[in-house]
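Secondary and tertiary structure notes
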Amino acid sequence: MKQILLITDGCSNVGLSPVVAAAHAQSEGISVNVVGVLDHGDVGELGAAEIDEIARAGGGLSRMVNMRQLSQTVQMMTRKTVVQTIQLAVQKELKQVLGNASIEALPPEKRSDVVRVIDELGETSRLQVALLIDASASMKPKLAAVEDAIHDLMLSLQARQGKSEISVFHFPGSRHGDDCILDLDWTSHLNGVHAIFPKLQMGGTTPTGPAIMHIVDFYRKGDYGRQSRDETDGMMSDYVV
C-alpha cells in the first residue's frame, strides 16, 4: 500500500492544481493524506478548502492541527488510511462474489470474520509512506514539530508486523526552480531523519501540485508495492470467499 502524506500550512501557487495531481495519484493506487499545520489558528479559508479538496481527490484524509497535535495526527491518519484502503478492496471483492453486498449487510458472524481479516491485513501488509513537507518560509517555526512527527511515525511503523518504509521530500526544491527534492530514500530505520532539517532552505513558491506529481513519478519508476498488492489481493479473495 502506498501513501503520500503532505504536511503544509498554506495555499499552492505554482503549476498544476494539487487537486488534479492528487486525483492522478489516486488513479495510480497512491492515497494522499494532508495535514494542515496551524500557527495561532489561521491557515485561511482558501488554504483549508484546498487541503480538504486535495485529500478528497486523493482518496485520503485531511486534518487541521496545531503543532502539539501533529505527531499524533500523522500516526492516526497513516493507520486509518491503511484500514480504509483495505476496506475498499474488501468491498470490491464482496461485490464480485455477492453482488451489491456490503460488509454491513453480512450476517454478524461473517461480518466479524471480515473485520478480523481487515485488522490483520492492516498490520501485516507492506506499507510505504512518502512524506511531502512544505518548506515555504512560513513553515520554518514548525519544522521542529514536523521532525518530531516523522520520528514518532517511524517508531509507529516499526511496531507493525508488516514491512513499513518511509521516504521524505520537501518543496520547493531550491531557488533554481526545482519543484521537489528527495531528502531521504525508502528506509525502515530512523538513521538519517535528523540530518534532513538543518539542510532545508526555507522560502520560495509553493508548487504543491508539481511536488505531488514528482512523488507519483518516483513511485512509478520504482514500481514499488506491485508484488505486495498482488499478494494482498489474493489474500483478500481467499478470506472473503
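Residues numbered from 1 in each chain as written. Predicted model: local features only at pLDDT ≥ 70, side-chain atom pairs only at ≥ 80, totals over all residues. Heavy atoms only, no water.

**Some points on the overall build of the protein**
Selection rule: Counting from the N terminus, the helices are the DSSP runs of H or I reaching at least four residues and the strands are the DSSP runs of E reaching at least two. Classification of residues uses two cut-offs on accessible area relative to the type maximum, computed with a 1.4 Å probe and protein chains only: under 20% is buried, over 50% is exposed, and between them is partly exposed. Throughout, the Shrake-Rupley method with a 1.4 Å probe supplies accessible areas, and for residues the shown protein chains are the sole cover considered.
Per the secondary structure count, the protein includes seven helices and six strands. Across the protein, helices and strands are ordered from the amino to the carboxyl terminus as β-α-β-α-β-α-α-β-α-β-β-α-α. Per-residue burial for the protein yields a buried fraction of 49% across its 241 residues. With an accessible surface of roughly 11,600 Å², the protein has 51% of that area assigned to carbon and sulfur atoms.

**What about unusual backbone geometry?**
As a rule of thumb, non-glycine residues mostly have phi less than zero, and peptide bonds are mostly trans rather than cis. In this structure, the amide linkage connecting Phe 171 to the following residue, Pro 172, adopts the cis form with an omega of -5°. Following the sequence through the fold, Pro 172 ends up in the loop between β5 (164-171) and β6 (181-187).

**Remarks on the sheet that holds β5**
Here is the rule: Here, any two strands with at least 2 DSSP bridges between them count as paired. Note on geometry: axes are C-alpha line fits, over the in-contact stretch for helices, and angles between N-to-C directions span 0 to 180 degrees. Whether two residues touch is decided by their heavy atoms; if any such pair falls within 4.5 Å, the residues are in contact.
Pairing in this open sheet of six strands is mixed, and the strands run β3-β2-β1-β4-β5-β6 from one edge to the other. The two strands at the open ends of the sheet, each matched to only one other strand, are β3 (62-66) and β6. When strand polarity is set aside, the average angle formed by the axes of neighbouring strands in this sheet is 15°. Where β5 meets β6, four bridges bridge the pair, whose relative direction is antiparallel. From the neighbouring strand, Ile 166 faces β6, where its bridge partner is Thr 187. The sheet contacts of helix α5 (residues 143-158) involve β1 (2-8), β4 (127-134), β5 and β6, and relative to β4 the element is tilted by about 180°.

**Focus on the environment of Gln 161**
With respect to the helices and strands, the residue Gln 161 is situated in the loop between α5 and β5. Given a relative accessible area of 66%, Gln 161 falls into the exposed group. Placed 37 residues apart in sequence, Gln 161 and Thr 124 show a C-alpha to C-alpha distance of 5.1 Å. Apart from the residues lying within four places of it in its own chain, the contact partners of Gln 161 are Glu 123 and Thr 124.

**Some points on the nonpolar core**
Inclusion rule: Residue types Ala, Val, Leu, Ile, Met, Phe, Trp, Tyr and Cys, when buried and joined through side-chain atoms within 4.5 Å, form a set referred to as a nonpolar core.
If you look at the biggest cluster of nonpolar residues, it comprises 38 residues, and the most contacted ones within it are Leu 70 and Ile 150. Contributing elements (two or more residues each) for this core: β1, β2 (30-38), α3 (70-98), α4 (108-124), β4, α5 and β5. Broken down by element, the residue count for this core peaks at eight residues, all from α5. In this structure, Ile 150 is in contact with Leu 131, Ile 133, Ile 166, Val 168, Val 193 and Phe 197, ignoring residues within four places of it in sequence. Judged by nonpolar contacts, the second largest core, of 25 residues, contains Ala 22, Cys 180, Ile 215 and Tyr 219.

**Re the pairing of β2**
Formally: Seen with its strands pointing away from the viewer, a crossover is right-handed if its path from the first strand over the helix to the second goes clockwise.
Within β2, nine of the nine residues are buried, which leaves it mostly tucked inside the rest of the structure. Side chains of β2 alternate between two faces, with Ile 30, Val 32, Val 34, Gly 36 and Leu 38 and Ser 31, Asn 33, Val 35 and Val 37 buried alike. Where β1 meets β2, seven bridges bridge the pair, whose relative direction is parallel. Counted as the bridge partner of Gln 3 is Ser 31 from β2. The handedness of the β1 to β2 crossover, carried by helix α1 (residues 18-27), is right-handed.

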